[in-house]
Amino acid sequence: MALQVSLVSADAEVWTGDASLVVAKTVEGEIGIMTGHEPILAILAEGEVRITQLDGTKVLANAQDGFLSMEGSQLTIVAGNAALIA
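Treat the numbers as computed from the prediction; the structure is a model and nothing was measured.

### Some points on the overall build of the chain
Scanning the chain from N- to C-terminus turns up zero helices and seven strands. Order of helices (α) and strands (β) in the chain, N terminus to C terminus: β-β-β-β-β-β-β. For 86 residues, the compact-globule formula gives about 12 Å, and the C-alpha radius of gyration of the chain, at 11 Å, lands near that figure. Its C-alpha atoms put the chain at 30 × 25 × 20 Å along the principal axes.

### Notes on the environment of Gly47
With respect to the element layout, Gly47 can be found in strand β5 (residues 47-53). In this structure the C-alpha to C-alpha distance between Gly47 and Lys25, which are 22 residues apart in sequence, comes to 5.8 Å. Setting aside residues up to four positions removed in sequence, Gly47 forms contacts with Lys25, Ala61, Asn62 and Ala63.

Rules behind the numbers
- Residues numbered from 1 in each chain as written.
- Predicted model: local features only at pLDDT ≥ 70, side-chain atom pairs only at ≥ 80, totals over all residues.
- Heavy atoms only, no water.
- Helix = DSSP H or I, 4+ residues; strand = E, 2+ residues; numbered from the N terminus.
- Rg over C-alpha atoms; globule rule 2.2 N^0.38 Å.
- Contact = heavy atoms within 4.5 Å.

Don't take any of this as a statement about function, it's just geometry.
Right under this line is the structure:
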């Protein structure tokens, strides 16, 4: 089962889709999340969010001022500011 990821900023949806791994920077340090991860709520630190899609391609985004929440197979990252890195 894939990890269903939604990355949103205060004013727009930045990226949504299925992934095998997401790595994000929190105030406690970097965290890696895969399908089956225990439920978690963490505060984002300013930094890069790395999303590995099911085919192995990577999506990179900058995010700050927000949180991430994992429940079941759904990972939601809500940031005050977030944008894809081209």
